[in-house]
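Reading the structure
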Amino acid sequence: MDSTGHQLSLFGDDPENALAFVQSLDELAREIRRCNRCPLAEERIRAVPGEGPEDAPVVFIGEGPGADEDRTGRPFVGRAGRYFDEVLAKVGIPRSGIYITNVVKCRPPGNRVPRPEEAAACLPFLWRQIELIRPKVLVLLGGVAARYVLKDGRGVGELRGTWHGPLKEAYVLVTYHPAGVLRDRRKEEEFLADMALVARAYRKLMRQRSQNSRPKEFGKGV
Ligand code: SF4
């Protein structure tokens, strides 16, 4: 336990596998809602585990909940979330078909960037979500998600537009965070191009699923 009373080391020496006992997303969400492993627990109204189907082929990962998410307990429901919904509709991805979550599950005060120790405390939840869902594509929204998940400190401008990984058996695409696009509309064209790439992969994966073909056929050539 650290000096503020948070059990940052509760996941022990093997944080990637510390939640192997959790067997469903619902069970994991219960663990997240009662979590007190980092200081972000203190000011949250609600933790925001994420939402979407247990077998989503694509998982979108943002930075952390904002004020609206903190109030509702749901991811991507504020202004940036509404814009994200519009973009999903535009490229033809049903929000009900994808899983959406964040690097940290509790709101950083004032929407500041999550600190490395907060991300480290929370990432085991994300790793377990990915293991349970087993998506074929991860989409990292923004440089913070790229830094903590892909462990690549380059800017989004450098990382976007091409597939990375695989990471936990999923190919990884980095693009801008919808909130960043709202702040700087010059990024919108590239964001839409990246989302079109994701939509193409999503449709291919859904076709494969409906044809009962093997998901591992998905590759960098998509
Ligand atoms: S941000 Fe993550 S590690 Fe920190 S209290 Fe919330 S759920 Fe726990």
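Residues numbered from 1 in each chain as written. Predicted model: local features only at pLDDT ≥ 70, side-chain atom pairs only at ≥ 80, totals over all residues.

Some remarks on the packing of helix α1 (residues 25-33) against helix α4 (residues 116-133)
- With their axes 10 Å apart at the nearest point, α1 and α4 run at an angle of 170° to one another. Compared by their axis directions, α1 and α4 come out roughly antiparallel. Residues L25, L28 and I32 of α1 lie in contact with α4, whose contacting residues are F125, R128, Q129 and L132.
- Per-class residue counts for the contact of α1 with α4 are five nonpolar, one polar and one charged. (Axes fitted to C-alpha atoms, helices over the stretch in contact; angles between N-to-C directions. Helix = DSSP H or I, 4+ residues; strand = E, 2+ residues; numbered from the N terminus. Parallel < 35°, antiparallel > 145°, perpendicular 65-115°, else oblique. Contact = placed C-beta atoms within 7 Å. Nonpolar A, V, L, I, M, F, W, Y, C, P; charged D, E, K, R; others polar.)

A closer look at the pairing of strand β4 (residues 163-167)
- As paired strands, β4 and strand β5 (residues 170-175) are joined by three bridges and run antiparallel to one another. Note on β5: the bridge partner recorded for H164 is V172.
- If you look at the hairpin formed by β4 and β5, you'll find two residues sitting between the two strands, and K168 has a positive phi there, around 50°. (Pairing = 2+ DSSP bridges.)

Focus: the site of the ligand
- Near the ligand there are 14 residues, and of these C35, C38, A41, C106 and C122 occur at the shortest range.
- For the shell around the ligand, the leading source of residues is α4, giving three residues.
- Residue composition of the shell around the ligand, grouped by class: 10 nonpolar, one polar and three charged. (Near = placed C-beta within 6 Å.)

Section: the sheet that holds β5
- Across the sheet, which stays open at both edges, the five strands sit in the order β2-β1-β3-β5-β4 with mixed pairing between neighbours. Lying at the two open borders of the sheet, with one neighbouring strand each, are β2 (99-102) and β4. Sheet twist, expressed as the average angle between the axes of neighbouring strands with direction ignored, equals 25°.
- Both strand β1 (residues 58-62) and strand β3 (residues 137-141) contribute to a ladder of four bridges, which runs parallel. Within β3, the residue paired with V58 across the bridge is V137.
- Sitting on the sheet, helix α5 (residues 143-150) is in contact with β1, β3, β4 and β5, with an inclination near 130° to β3.

Observations regarding the pairing of β1
- β1 sits mainly inside the fold: five of its five residues count as buried.
- Here β1 shows a buried face lined by V58, F60 and G62 and a second buried face lined by V59 and I61.
- Relative to β2, β1 runs parallel, the two being bridged by four bridges. Paired with G62 across the two strands is N102, which belongs to β2. (Buried ≥ 20, exposed ≤ 12 C-beta atoms within 10 Å, placed from the backbone.)

Some details on the environment of G50
- If you trace the backbone, G50 turns up in the loop between α1 and β1.
- For G50, a count of 26 C-beta atoms within 10 Å translates into the label buried.
- On a C-alpha basis, the gap between G50 and F60 in space is 9.7 Å, while along the polypeptide they are 10 residues apart.
- With residues near it in sequence (within four places) discarded, G50 still touches P75, Y99, I100, T101 and Q129.

A short note on the nonpolar core
- I61, V103, V139, L140 and V198 are the most contacted members of the largest nonpolar core, which has 61 residues in total.
- The residues contacting V139, other than those within four sequence positions of it, are V58, F60, I61, L173, T175 and V198. (Core = buried A, V, L, I, M, F, W, Y, C linked by C-beta atoms within 7 Å.)

Observations regarding α4
- Given a rise of 1.5 Å per residue, 18 residues ought to cover 26 Å, and the 25 Å separating the end C-alpha atoms of α4 matches this to within 8%.
- When the local axis directions of α4 are compared, the greatest deviation, roughly 40°, occurs at C122, which is followed within four positions by the proline P124.
- Within the span of α4, buried status applies to E118, A119, A121, C122, P124, F125, L126, R128, Q129, I130 and I133.
- Where α4 is buried, its residues meet α1, β1, β2, α5 and β5.
- In the stretch just after α4, R134 is the one whose phi turns positive, near 55°. (Expected span 1.5 Å × (residues − 1). Bend = angle between axes of the 7 residues up to and from the residue.)

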